[in-house]
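Results of the structural survey
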Amino acid sequence: MKKIGIITTSNAINFGAVLQAYALKTTLDMLGQKCSVINYAGNESICGRNLYKDDKSIKNIIFNFFIFFKRKYKRNRKKLIKNFDEFNKNQIKMDSIKLYNFDDVILKLDYDILICGSDQIWNLNLNDDLIFFLPFYDIFPEKKYYSYAASIAENMSDNQLRIFRERISHFNEISVREEKSSIELEKKINRKVENVLDPVFLLEKECWNVLSSNHPIHSENYIFVFLIGHDKSDNSIIQSIKKKYNYNTVILNLHPIQYIKGDTIYNVVDPLQFLNLIKNASVIITDSFHTTAFSIIFNKQFFTIYRNSRNSRVENLFDKFKIQNRFMNKNNYMKILESELINYKIVNEYLKIEREKSYLFLNRIVKGEHEVD
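In this text the structure is predicted, and so the values were computed from the model without any measurement.

Relative to the assigned elements, Gly 42 resides in the loop between strand E2 (34-37) and helix H2 (44-47). Taking the C-alpha atoms as reference, Gly 42 lies 7.7 Å from Thr 9; in sequence the two are 33 residues apart. Those residues within four positions of Gly 42 in sequence are excluded, and the remaining contacts are Cys 47 and Asp 129.

Listed below in structure tokens is the structure:
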């Protein structure tokens, strides 16, 4: 049995981040390994744990002044952070109660294999954190280093590509989440780059059903809406979908302002309640990658609102599972509403094939069958 340490964005106040960490750890446990998620703190501003913006730009000063007077929002945010910490403690069962900084991690690397991933850990424009490149080879050359489903999400500049190539030179094997990224990276770094599924897809629907079964939050037919971004046209899109299906809307709003209207609004849930809201919904509207992913896992009819950045992650899902006409914007939403329902018989067949490929990659990791090229 190998001892495996995972370094990922598990400290983020982000449902997808903690659920993908749970899924990767659980999958490796199921493969008979002793696996832990390293409790790395990361940048608390990027992780969403700071109420106020660090950068003292005029825009952020105005934002901080506005947040200072939003007492309800601040109370809700504290509850939300507590919910995530309890999930990490009780479900992921982190390797330590203490949050590690970079130097702490080096002192605690009692693992045979180190894996970084998934989520946008390699998006240098979003979170340029050296630890997500496992920079321990000079100290621990005997260990094995891998990435699993790391996401880049945005194009790299020539200088970023040079930095990136240096940082991954010691990896025994590399895998990324988006197929386009795997193809482009192979050409640029001149070595094999596997394309694998986001960890949440490694667990079948039944596993997620069991995990979320004791956390009901809403039951009757409803349209679940969870938006990370916002646009003036969002309300028009939501109301049109509501009119088509004649269901009430359940809104999960984590913003300090209520941008969209709904019949029921939640401002604080835990990750398992989040899963339950997706599982029990009749229709889902989102702009979130992982909400889209769980909509597919639970075989839901859904619509994903197109934003101006980072759409490649969702486009990759649609291409991989042969899902068409799910991206909406203010110009096409009436047309998309008339499109055919998702045929989940076809989707689930493709998901099964891709899941098997991803399991093969993880099996190679635990067996140590590949070395640095």
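Our next topic: the side chain of Lys 143. Of note, Lys 143 is situated in the loop between strand E3 (113-116) and strand E4 (144-147). It is Glu 142 that comes nearest to the buried, bridge-free Lys 143 among opposite-charge side chains, at 4.2 Å. One polar contact links the side chain of Lys 143 to the main-chain carbonyl oxygen of Leu 109, over a distance of 2.9 Å. The contacts of Lys 143, once residues within four sequence positions are left out, are Leu 109, Tyr 111, Asp 112, Leu 114 and Asn 172.

By definition, the strands of a sheet pair up through backbone hydrogen bonds, in either a parallel or an antiparallel sense. Strand order in the open sheet formed by four strands is E2-E1-E3-E4, with parallel pairing between adjacent strands. Where the open sheet ends on each side, the last strands, each with one partner, are E2 and E4. For this sheet, the mean inter-axis angle between neighbouring strands, taken without regard to orientation, is 20°. Inspection of the sheet shows strand E1 (residues 3-7) paired to E3 by four bridges, in the parallel sense. Within E3, the residue paired with Ile 4 across the bridge is Ile 113. Its contacts with the sheet place helix H1 (residues 15-30) against E1, E2 and E3, and it is angled at close to 170° to E2.

A word on the packing of H1 against helix H14 (residues 344-367). In the contact formed by H1 and H14, the axes pass within 11 Å of each other and the chain directions differ by 65°. The angle between H1 and H14 places the two elements in the roughly perpendicular class. The two elements H1 and H14 cross, and the hand of that crossing is right-handed. When H1 is examined against H14, the residues Leu 24, Thr 27, Leu 28 and Met 30 are found in contact with a partner set consisting of Tyr 359, Leu 362 and Val 366.

This part is about the packing of aromatic side chains. Within the structure shown, the criterion is met by 24 aromatic pairs. Aromatic side chains Phe 15 and Phe 84 sit 5.2 Å apart centroid to centroid with 40° between the ring planes, which places their arrangement in the tilted category. Separated by 69 residues along the polypeptide, Phe 15 in helix H1 and Phe 84 in helix H4 (residues 71-92) bring together distant segments of the chain. Ring geometry for Phe 68 versus Phe 69: centroids 5.1 Å apart, planes at 85°, classification edge-to-face. Phe 69 gets classed as exposed once you look at its relative accessible area, which sits at 52%. Lying across the ring of Phe 68, Lys 74 places its NZ or CZ 4.9 Å from the centre. Lys 244 extends its terminal NZ or CZ atom over the ring of Tyr 245, reaching a point 5.8 Å from the ring centre.

Before going further, it helps to examine unusual backbone geometry. Leave glycine aside and you will find that most residues have negative phi; peptide bonds, for their part, are mostly trans. Note that the residue after Gly 117, namely Ser 118, is joined by a cis bond; omega there is 0°. By the secondary structure assignment, Ser 118 is in the loop between E3 and E4. Positive phi, normally seen in glycine, also occurs at Asn 246, with a value near 60°. On the secondary structure map, Asn 246 appears in the loop between helix H9 (234-245) and strand E8 (248-252). At Lys 322, a residue that is not glycine, the phi angle is positive and equals roughly 60°. Tracing the backbone shows Lys 322 in the loop between helix H12 (312-320) and strand E12 (327-328).

Attention shifts here to the sheet that holds strand E9 (residues 264-266). Strand order in the open sheet formed by six strands is E9-E8-E7-E10-E11-E12, with parallel pairing between adjacent strands. In the strand order of this sheet, the two ends are held by E9 and E12, each with one partner. Relative to E8, strand E7 (residues 222-226) is paired through five bridges, and the arrangement is parallel. If you follow Val 225 over to E8, its bridge partner there is Ile 251.

Under the defined criterion, the tally for this structure stands at zero disulfides. Here Cys 47 is not disulfide-linked; the sulfur of Cys 116 is the nearest cysteine sulfur, at 16 Å. Of all cysteine sulfurs in the structure, the one in Cys 35 sits closest to Cys 207, which takes part in no disulfide; the separation is 16 Å. The partly exposed category is assigned to Cys 207, whose relative accessible area is 35%.

Conventions used here
Residues numbered from 1 in each chain as written. Predicted model: local features only at pLDDT ≥ 70, side-chain atom pairs only at ≥ 80, totals over all residues. Heavy atoms only, no water. Helix = DSSP H or I, 4+ residues; strand = E, 2+ residues; numbered from the N terminus. Contact = heavy atoms within 4.5 Å. Buried < 20%, exposed > 50% of the residue type's maximum accessible area, 1.4 Å probe, protein only. Lys, Arg positive; Asp, Glu negative; His and termini not counted. Salt bridge = Lys/Arg side-chain N within 4 Å of Asp/Glu carboxyl O. Polar contact = N/O pair within 3.5 Å; in protein donor to acceptor, adjacent residues only side chain to side chain. Pairing = 2+ DSSP bridges. Axes fitted to C-alpha atoms, helices over the stretch in contact; angles between N-to-C directions. Parallel < 35°, antiparallel > 145°, perpendicular 65-115°, else oblique. Left-handed = near helix turned anticlockwise from the far one by under 90°. Phe/Tyr/Trp six-rings, centres within 6.5 Å; stacked < 30°, edge-to-face > 60°. Lys NZ or Arg CZ within 6 Å of the ring centre and 35° of its normal. Disulfide = S-S within 2.5 Å.

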